[in-house]
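Examination of the molecular architecture
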Amino acid sequence: MDKTMKAVLLDKPTQAKDITLCEIPIPDVRPGWVLVKIKAFGMDHSEQILRLNEIRADYIRKPIIPGIECVGEIADPSDSDLTVGQKVVALMGGMGRSFHGSYAGYALLPIHHVFAVGSVLSWTEMAAVPETYFTAWGSLFECLCLKPGDTLLIRGATCALGYAAIQIAKAIGCTVIATTHRERKLPLLTGADKAILDTGKLCDTLNGVTKALELVGPKTLPDTLRCVEKGGIVCDTGILGGVYTLNGFDPIKDIPNGVYLTGFFSNYPTEKTMRDIFGFLDEHSLKPAIGASFAFEQIRAACMALDSGSVNGKIVVTL
């Protein structure tokens, strides 16, 4: 095995155009951690937040290799039950913030966030799954208790998470209403039963919505709460609207009687859940919506694509 690897290292706010690759030692294995040879990784909005601003925070280890998810093979299993060459996925748990993440040739990762999986998907396709589909899966089933026959509103659906939620919901027999605030993106929502241009106020235009996945976030959440029927559930998962908190939110007045509000935090994946997700995709012959794929040597261009918001679907980087 080589002694060094290519990686992105950040220690200060960095624009996408300034991203470069450097050569650093492959990390030494230690008990409780496994070394993964990265085959591909998906890119996430939270990495853009880290790179442009959050890197200033004291709780971010610096310098840090960003990247909150990856797929690859075990290079050194350390003291785990995994084996060399075994196919794995890894995500969250401090990855790319508390310890080095996936923008590298190898990643030293805690055993409890590395999961053995099987799939008929290619490495590129697999890389579009971990964080996106785990978040969609948890939001839909753990939080919304989604079931066949539900009418699901997905607000802010023209993102990788939105496309994944549409796929999953349709596969189990739900009616899906999907929104975007950009008229030119309405044709991208062909997987939904109904695509709606979001004007900011939808509560007087919809009927029969039993569940709602809020991906725009606090900016439209008060209106989304009034879009669902009595007994309905709203899950606040995304922050695409750029508003992160609800100032002046009054739960008594702002949550309609008989409507339930929850949220999904994706920091605690399990091996069972990840295997269930990949099994579900294989069973239903589903493939993730990949908007663009870049070679690792093109990481600067990949970051620029992420920042531009011009890619429809998941951005994947392959090694």
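Residues numbered from 1 in each chain as written. Predicted model: local features only at pLDDT ≥ 70, side-chain atom pairs only at ≥ 80, totals over all residues. Heavy atoms only, no water.

Regarding its fold elements, the protein chain presents 8 helices and 15 strands. Its C-alpha atoms put the protein chain at 60 × 40 × 35 Å along the principal axes. Split into buried and exposed, the 319 residues of the protein chain put 53% on the buried side. Approximately 14000 Å² of the protein chain is accessible, and the part contributed by carbon and sulfur atoms is 52%. One finds the centroid of the 31 positive side-chain charges in the protein chain at a distance of 4 Å from the centroid of its 34 negative side-chain charges. (Helix = DSSP H or I, 4+ residues; strand = E, 2+ residues; numbered from the N terminus. Buried < 20%, exposed > 50% of the residue type's maximum accessible area, 1.4 Å probe, protein only. Areas by Shrake-Rupley, 256 points an atom, 1.4 Å probe, with all protein chains shown as cover. Lys, Arg positive; Asp, Glu negative; His and termini not counted. Charge placed at Lys NZ, Arg CZ, Asp CG, Glu CD.)

So, on to helix α1 (residues 45-52). Two residues of an α-helix separated by three or four positions point the same way, owing to the 3.6 residues in each turn. Among all positions in α1, only E47, Q48, L50 and R51 are buried. One side of α1 holds all its buried residues, which, seen down the axis, span an arc of 160°. (Arc of directions from axis to C-beta.)

What follows concerns unusual backbone geometry. The step from K62 to P63 runs through a cis peptide bond, and the omega angle for that step is -5°. On the secondary structure map, P63 appears in the loop between α1 and β4 (69-76). In this structure, S78 is a non-glycine residue whose phi angle is positive, near 55°. Along the chain, S78 falls in the loop between β4 and β5 (87-91). Phi is positive for M92, close to 60°, though the residue is something other than glycine. Inspection of the secondary structure assignment puts M92 in the loop between β5 and β6 (106-110). Overall, the relative accessible area of 13% leaves M92 in the buried class.

What characterises a pair of aromatic rings is the spacing of the ring centres plus the angle enclosed by the ring planes. Applying the stated criterion across every chain yields a total of 7 aromatic pairs. Relative to F264, the ring of F134 has its centre 5.6 Å away and its plane inclined at 65°; by these criteria the two rings are edge-to-face. Note that F134 is positioned in helix α3 (residues 130-143) and F264 in the loop between β13 (260-263) and α7 (271-283), a separation of 130 residues in sequence. Classification of F264 by relative accessible area gives buried; the value is 11%. Relative to F280, the ring of W137 lies with its centre 5.2 Å away and its plane at 80°, an arrangement referred to as edge-to-face. Taken as a pair, W137 in helix α3 and F280 in helix α7 lie far apart in primary sequence, 143 residues in all. Chaining the aromatic ring pairs together yields one cluster made of F41, Y103 and F296. (Phe/Tyr/Trp six-rings, centres within 6.5 Å; stacked < 30°, edge-to-face > 60°.)

Grouped burial of nonpolar side chains is what soluble globular proteins tend to show. The biggest cluster of nonpolar side chains holds 50 residues, and the ones touching the most others in it are I154, L213 and M274. At the level of secondary structure, the elements contributing two or more residues to this core comprise β5, α2 (123-127), α3, β8 (151-155), α4 (160-171), β9 (175-180), β12 (228-236) and α7. Broken down by element, the residue count for this core peaks at 7 residues, all from α4. Sequence-distant contacts of M274, defined by excluding residues within four places in its chain, comprise V89, L91, F115, V117, P130, F134 and P269. (Core = buried A, V, L, I, M, F, W, Y, C linked by side-chain atoms within 4.5 Å. Contact = heavy atoms within 4.5 Å.)

With respect to the helices and strands, T224 occurs in helix α5 (residues 221-225). When its relative accessible area of 0% is taken as the criterion, T224 is described as buried. Polar contacts involving the side chain of T224 include one to the side chain of E214, which spans 2.5 Å. Apart from the residues lying within four places of it in its own chain, the contact partners of T224 are L153, R155, A212, E214 and V234. (Polar contact = N/O pair within 3.5 Å; in protein donor to acceptor, adjacent residues only side chain to side chain.)

Another aspect to go through is the environment of D58. Counting through the fold element by element, D58 comes out in the loop between α1 and β4. Considered as a pair, D58 and I299 are 241 residues apart in the sequence and their alpha carbons are 26 Å apart.

Working note: regular strand, side chains alternate between the two faces of the sheet. Where burial is concerned, most of β5 is hidden: 4 out of the 5 residues are buried. Examined bridge by bridge, β4 and β5 share 5 bridges and lie antiparallel to one another. Within β5, the position partnered with G72 by the bridge is V88. As paired elements, β5 and strand β7 (residues 114-116) share 3 bridges and run antiparallel to each other. Directly across from A90, in β7, lies its bridge partner V114. (Pairing = 2+ DSSP bridges.)

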